[in-house]
Protein chains: 2
Amino acid sequence: MSRETSEPTSHRGRYNKPVPTSNLTSEEDDFPEFEPFEGAGDSEATPRTWNSEASLSVQNVDMCQPVNKPNHFTSAYDIPNLVVRRGQEFVVRITFSRALTQQDDFQLEFLIGSSPSASKGSLIVVTFGSRRGGAWSGRILETRGQMVMVGVTPTPDAIVGKFRTYVAVEVNGGLQRTSRTTSTDLYLLFNAWCPDDCVFLPDESERQEYVLNDYGVIFQGTVNSVAHRNWMYGQFERGVLDACIYILDASQMPITDRGDAIKLIRKGSAMVNSQDDRGVMVGNWSDDFSMGTSPTSWTGSTNILLKYASSGVPVSFAQCWVFAGVFNTFLRCLGLPSRVITTFSSAHDNTGNLKIDLIFHPDGTPDERHTTDSIWNYHCWNEVCMVRHDLPRHLGGWQVVDATPQETSDGHYRCGPASVNAIRDGLLCHPFDCGFVFAEVNSDVVFMNRDRYGTLTPFRVDKTHVGQAVYTKAVGGYGPVDITHTYKYPQDSPQDKLTMSRAEEYGCARDHSDLSEPELSVSISVEQAMLGQDLKLVMDFQNLGEVSRSIAAHLSGSVVFYTGVSAAQFKDQNFGVTVPAQQTERVQVTIPAQDYMPHMGGQLSLRFVVTGQADDQSVSAIKVVELMTPKLTVEVYGQPQVQQQMFVTVSFTNTFSFPLTNATLVLDGPGLTGVRSRLFKVIEPQASVSWTETFLPRFSGQRRIFALMDCVSVNQVTHLLPVIT
Amino acid sequence: MSRETSEPTSHRGRYNKPVPTSNLTSEEDDFPEFEPFEGAGDSEATPRTWNSEASLSVQNVDMCQPVNKPNHFTSAYDIPNLVVRRGQEFVVRITFSRALTQQDDFQLEFLIGSSPSASKGSLIVVTFGSRRGGAWSGRILETRGQMVMVGVTPTPDAIVGKFRTYVAVEVNGGLQRTSRTTSTDLYLLFNAWCPDDCVFLPDESERQEYVLNDYGVIFQGTVNSVAHRNWMYGQFERGVLDACIYILDASQMPITDRGDAIKLIRKGSAMVNSQDDRGVMVGNWSDDFSMGTSPTSWTGSTNILLKYASSGVPVSFAQCWVFAGVFNTFLRCLGLPSRVITTFSSAHDNTGNLKIDLIFHPDGTPDERHTTDSIWNYHCWNEVCMVRHDLPRHLGGWQVVDATPQETSDGHYRCGPASVNAIRDGLLCHPFDCGFVFAEVNSDVVFMNRDRYGTLTPFRVDKTHVGQAVYTKAVGGYGPVDITHTYKYPQDSPQDKLTMSRAEEYGCARDHSDLSEPELSVSISVEQAMLGQDLKLVMDFQNLGEVSRSIAAHLSGSVVFYTGVSAAQFKDQNFGVTVPAQQTERVQVTIPAQDYMPHMGGQLSLRFVVTGQADDQSVSAIKVVELMTPKLTVEVYGQPQVQQQMFVTVSFTNTFSFPLTNATLVLDGPGLTGVRSRLFKVIEPQASVSWTETFLPRFSGQRRIFALMDCVSVNQVTHLLPVIT
């Protein structure tokens, strides 16, 4: 693990020493093994010598993993060291050179980072009743001959990370310490089981899901055609916990801040993207991923985190669900209760007000040149559940954090924690970034005509399109739970009006155009379809007026990125429709697969815009369609038992009319197998491929194997198979 | 002006175009001079031709500087272009090719940055009653033949910066624009005179001071020996306004955010220091400034800003008052009401709680190795007065912003805006960085004994030492005004208790050690003295107990940086004192100049620590002394009149007993002369040097000439002379 450090400026007159920011690589300045007491003369203070039989020494320190791990719900971590959670007692068995007497005195010392300091919480001395010690409490649980079993309870706000453990005994006017050994290193995590920890979660099934579940489902697509994306968090896999600490080290986050969940998750949201700080992942919203791995071909977080920690170089590439998936691993791995959220029709407004301006030409067609705002089909972020010590109490609970590098969130690429309660209630006057998230779920869509002088005039406002639904995976289940109500009160309810007026008070500019109710309107609907199938489009033109209207209409169809930005236009058609007074006229259009397939370029979203002009009235409607992808077949054979060889076979048939080239099949199953992949140069139309691997289950219980197929022209082809061992 | 740009990541699927962030260098994509209306056929839309006599064209656009500048209080800007303030009308005189008729239509267009957009406020079309235009209002004030005088009123929340101005007339089915010329470029500033601008200041004398005064006094030293440091802000000097806009360009701040005072000043606080973002100045708290200019030798901001803007490279070196001085120039130059604040005994706590831990050895002497917190003798920051649209209304008014790169203020080197009212009331739950500033003025000083096991035990808490006073320059005067009450309620008043309990509720950990009132105490006082004079130290040991006490005492004396960090120890003395019951014993010590002078190394602060042990009791006291410096002589000769040659003579006599080498004399007087300097290789003891320069006053009224002498061993030798022209 390596990292460039920035050129140091001279601060001799300002700090006594540099602020410690490295947890994994800083053991050089621990105490000496023998430290004479200050003021003790040289003659009386001498290290323990081989022949002083009666003097006390430490023969063994046992971190008691088999006892501590189940109590701390950390058995799943694939790591040789003890992992425990703060605010909860763990036990250590110390074997001395002889039984203790009344005169003997010993202490445990836990150190983290360089220059550990008692006043900063990075050096903790634990005493056992004999005299005053540090903030962590200690007690002797059992004494049996030379063996003493002690209990140590870290404070519920202790620094989180990797501590070095020493036992010191008082000998000959000084302290004699155990030698440095990595085997007694202790990982301390946040504790959702501890009522005094700010991340306490009272419900056991929620703790199982939000802290301990290493598998997840991330929802994508549109609210009308929700796609389920499996994601292997893998927070317990070998190397992942160290990688998460490495991220904090790479961020140069001071060690002393690492017990503060608010600072830590805000730092995490900055570090999971590479912008500003050479963080974990490089965002790429183009259609060219040739310089790295396509965002759609990751199965989970493990490989990404291990690659980053071993190289120190940002990993290519991510889009929002990858950022959210990796961030969720980081959070759960450190013990923070967290989940991935999907917001459908998420506003991406680059002025920071509450208006998404869509601009149209005088003839009613979209003016893409002058439209700079966009509405993402969906956007993923994370939530962490915690008490907000820095805010009024009712703003605790779930907090939004977002690692996707959005623009100018407080000038840097990070976002949150923003209280979901504060967003729901319009209390945008509290940190961090509440206004930004509020706009993502609440912006009005303002349809603007741009006249020939360049002047913009609003002609329609849609107050319901943005933030149509907010989903997350069900606790213990696989499907989505709609949590929109946690972000928003029902549209136009009294609470909603209060929220909106508060938001305006706190600087969110809303649209107040006084637009008369139009007589003419249009809506589009499209049947859900598979990629490669023809589409049936239905447009309903409605006339509420007293006279018949002839509408000059226009239909455009484009392939769009999930960010709402147009990739390629494939349909551009004028047509006329006459709607009698008080009537609705339906126009049906079929889009053959061959019209759109050549333009897909790996995307799955199509956007249709219908506009029309009749005398002085404009109508318009927009519809985004998410195409479904075929499934893979995954089968497992063999005795489903821990450490017994098993087999998995992945099969795929190309049902498209064109060959798939450079198709990668990827397999992932935390607890069962690491990530494996296989490249198929060409899969001809109607041809099938099949691939078998062996694996050894590491745990018993229900695990999952996830497979996907990814190539430039078709991706998101996946399957998930539960495996019970 | 040049600047490296970071490697672009591909975002084609995310943005239509890059977010505009450059104001000074982006004129390439303005409208064409002739733009046919959309939908107009080629045959009917043609540019104006030489022989179409009747068609309208623009012959001249006059920005009317002599009328607009006094109305907008911008006459002092030494710049060829018009500078006006937003939310207030300015006039433009347009001369057409002929008198206007009823059929004629024209508009003004103001553009800022690349890709200007009407919906983002970076393209404003101003119309004159004929039809709907943009947000800025326009009216025709007078028509006389071919000449039309129009009034234009930018919105009070308009973007601040440099706009390009065009006049467009409707001809032959299109718009014919004036050619691009920099002479009609318009600088738009914040407006403290406009009631609808968020930076409105109702009091005229305050506006004169906080927006228009280009001279200031920054207070330094200690609360008992306040030093006055003159600072030439120079916000009106040639090139400074462009330099301030360059800073925003270099920060890559989106153009559309630049009308938002909150975002702009937060960005400014990040950019005035070089950390993170290659901003204006490099901090250096060492005693080695050989790689740049010593912080003490700057006379003002002008040269710093011009150097940064012309090179794009951070300027070396600054300490807090330099950061605050440069930041104040930036703020006032852009029209923001601002002032420099000095807080005496400012806590610099690197754990972010409300405790400054000073650690002592078991024998009572200071343990510098384990003490990581420090108390700065003084610290300078800025305040900006504004409405906080993002917060509850009562949190408007003065806002703290700090450009000195303190540590981990939200993970980046910037601070504020933090509402002073929020700090006073403990409402630390609002952005930005209220808790950080609150700790700077409210921390408790906890005196800790570190026992031989490394355990810390508090033995004294001082709740009044930190934030002893907060000063700023008087409106219209030269002296300090104590504004401590705006930051803090009286100690232990009911409001103070409420503030402290709120601060704790919002996560500030305070000290609650239950310490019994000690019987023994000690205090130190020192008479104010000049650098190079002997010091008289008085220590009063008080015994409130019923028995006489023999105290083993220790006095240490160190030269300290103004940040409270020790530079060199020059006194280390044990002594005994016996204090009878209910008595006070006085111990006097004289410190000869030759004891401390060899250790000063350019510093001016001495710190004395007296500690004592008597049986089970410890006493300690700390005193910081700021030494005064000799003065320069400055004299002015000649006719005090605008554009008449005048003479200034600076003289200095070396009253020290040692020679001064490489002494620089510097002169500065905005409106009178630019910065000039002269080097004297050696000034022997008792020798005098004298230096005369000529200058031409640019303005009438009261101006000031500031001179200083700076060398490695002695600095802060200054004089200020008012000059009325």
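Provided above is the structure to which this section pertains.
Notes on the structure follow.

Conventions adopted
- Residues numbered from 1 in each chain as written.
- Chains lettered and ligands numbered in written order.
- Predicted model: local features only at pLDDT ≥ 70, side-chain atom pairs only at ≥ 80, totals over all residues.
- Heavy atoms only, no water.
- Core = buried A, V, L, I, M, F, W, Y, C linked by side-chain atoms within 4.5 Å.
- Buried < 20%, exposed > 50% of the residue type's maximum accessible area, 1.4 Å probe, protein only.
- Contact = heavy atoms within 4.5 Å.
- Helix = DSSP H or I, 4+ residues; strand = E, 2+ residues; numbered from the N terminus.
- Expected span 1.5 Å × (residues − 1).
- Disulfide = S-S within 2.5 Å.
- Pairing = 2+ DSSP bridges.
- Salt bridge = Lys/Arg side-chain N within 4 Å of Asp/Glu carboxyl O.
- Axes fitted to C-alpha atoms, helices over the stretch in contact; angles between N-to-C directions.
- Parallel < 35°, antiparallel > 145°, perpendicular 65-115°, else oblique.
- Left-handed = near helix turned anticlockwise from the far one by under 90°.
- Nonpolar A, V, L, I, M, F, W, Y, C, P; charged D, E, K, R; others polar.

## Here we look at the nonpolar core
Nonpolar side chains in soluble globular proteins generally cluster together in the buried interior. By size, the foremost hydrophobic cluster in this structure holds 215 residues, and its most contacted members are A:L241, A:M281, A:Y487, B:L241, B:M281 and B:Y487. Ignoring sequence-local partners within four residues, the contact set of A:Y487 consists of A:I341, A:W381, A:E383, A:V400, A:V420, A:I423, A:R424, A:V437 and A:V470.

## What about helix 6 (residues 320-333) of chain A?
All names here are of chain A. The end-to-end C-alpha distance of helix 6, which contains 14 residues, comes to 20 Å, matching closely the 20 Å that a straight helix rising 1.5 Å per residue would cover. Buried residues dominate helix 6, accounting for 14 of its 14 residues. Phi turns positive one or two residues past the end of helix 6, at G335, with a value near 95°.

## Notes on the state of the cysteines
Considering all chains together, one arrives at 0 disulfides over all chains under this definition. Unpaired in terms of disulfides, A:C320 finds its nearest cysteine sulfur in A:C380, a separation of 4.1 Å.

## Quick notes on the pairing of strand 31 (residues 617-626) of chain B
Each regular strand shows side chains that alternate between the opposite faces of the sheet. Residue and element names in this part refer to chain B. Of all 10 residues in strand 31, 7 are buried, a share of seventy percent or more. Here strand 30 (residues 605-614) pairs with strand 31 via 10 bridges, running antiparallel. If you follow V609 over to strand 31, its bridge partner there is I622. Once strand 30 ends, the chain turns through 2 residues before running back antiparallel as strand 31, passing D615 with a positive phi of about 55°.

## Section: helix 5 (residues 302-311) of chain A
The complete set of buried residues in helix 5 of chain A reads A:T302, A:I304, A:L305, A:Y308 and A:A309. Remark: A:G312 follows helix 5 of chain A within two positions and exhibits a positive phi of approximately 75°.

## Examining the pattern of salt bridges
Residues and elements named next belong to chain A. Considering all chains together, one arrives at 62 salt bridges over all chains under this definition. With a shortest N-O distance of 2.4 Å, E142 and R144 are connected by a salt bridge. You can call R144 exposed: its relative accessible area is 57%. Between D390 and R388 there is a salt bridge, and its shortest N-O distance comes to 2.8 Å. Accessibility expressed as a relative area gives 0% for R388, which makes it buried. A single salt-bridge network, built from bridges that share partners, covers D78, E237, R238 and R698.

## Digging into the packing of helix 3 (residues 240-250) of chain A against helix 5 of chain A
All names here are of chain A. The N-to-C vectors of helix 3 and helix 5 enclose an angle of 50°; their axes lie 9 Å apart at closest approach. In terms of their interaxial angle, helix 3 and helix 5 are classed as oblique. Where helix 3 crosses over helix 5, the handedness of that crossing is left-handed. Here helix 3 contributes V240, A243, Y246, I247 and A250 to the contact with helix 5, which in turn contributes T302, L305, L306, Y308 and A309. Taken together, the residues that form the contact of helix 3 with helix 5 break down as 9 nonpolar, 1 polar and no charged.

## Observations concerning the environment of A:F327
Residues and elements named next belong to chain A. Examined against the element boundaries, F327 turns out to sit in helix 6. The exposure class assigned to F327 is buried, which follows from its relative accessible area of 0%. Sequence spacing of F327 and I304 is 23 residues, and the spatial spacing of their C-alpha atoms is 11 Å. In this view, F327 contacts I265, G268, S269, V272, N382, V401, D402 and A403; residues no more than four positions away in its chain are not counted.

## A look at the sheet that holds strand 19 (residues 397-401) of chain B
Residues and elements named next belong to chain B. Sheet architecture is open: 6 strands sit in the order 20-19-18-16-23-24, paired in antiparallel fashion. Two strands bound the open sheet, and with one partner strand each, they are strand 20 (418-419) and strand 24 (480-482). Pairing between strand 18 (residues 374-386) and strand 19: 5 bridges, direction antiparallel. Note that in strand 19 the partner of E383 across the bridge is V400.

## Some words on the sheet that holds strand 34 (residues 660-669) of chain B
Adjacent strands of a sheet pair through backbone hydrogen bonds, lying either parallel or antiparallel. Residues and elements named next belong to chain B. Taken in spatial order, the 4 strands line up as 35-34-37-38 in an open sheet, and their pairing is antiparallel. The open sheet terminates on both sides in strands that have one partner only, identified here as strand 35 (673-683) and strand 38 (717-724). Each neighbouring strand pair of the sheet contributes to a mean axis angle of 15°, computed without reference to strand direction. In the sheet, strand 34 pairs with strand 37 (residues 702-710) via 5 bridges, with the strands oriented antiparallel. If you follow L665 over to strand 37, its bridge partner there is M709.

## Some thoughts on the packing of helix 4 (residues 261-271) of chain B against helix 6 (residues 320-333) of chain B
Residues and elements named next belong to chain B. Running from N to C, helix 4 and helix 6 point in directions that differ by 150°, and their axes come no closer than 10 Å. In terms of their interaxial angle, helix 4 and helix 6 are classed as roughly antiparallel. Two packed elements cross with a definite hand, and for helix 4 against helix 6 that hand is right-handed. Between helix 4 and helix 6, the residues in contact are L264, I265, G268 and S269 and F327, F330 and L331, respectively. A breakdown of the residues in the contact of helix 4 with helix 6 according to their chemical character gives 5 nonpolar, 2 polar and no charged.

## Concerning the side chain of A:T302
Among the structural elements, A:T302 can be located in helix 5. Classification of A:T302 as buried rests on a relative accessible area of 9%.

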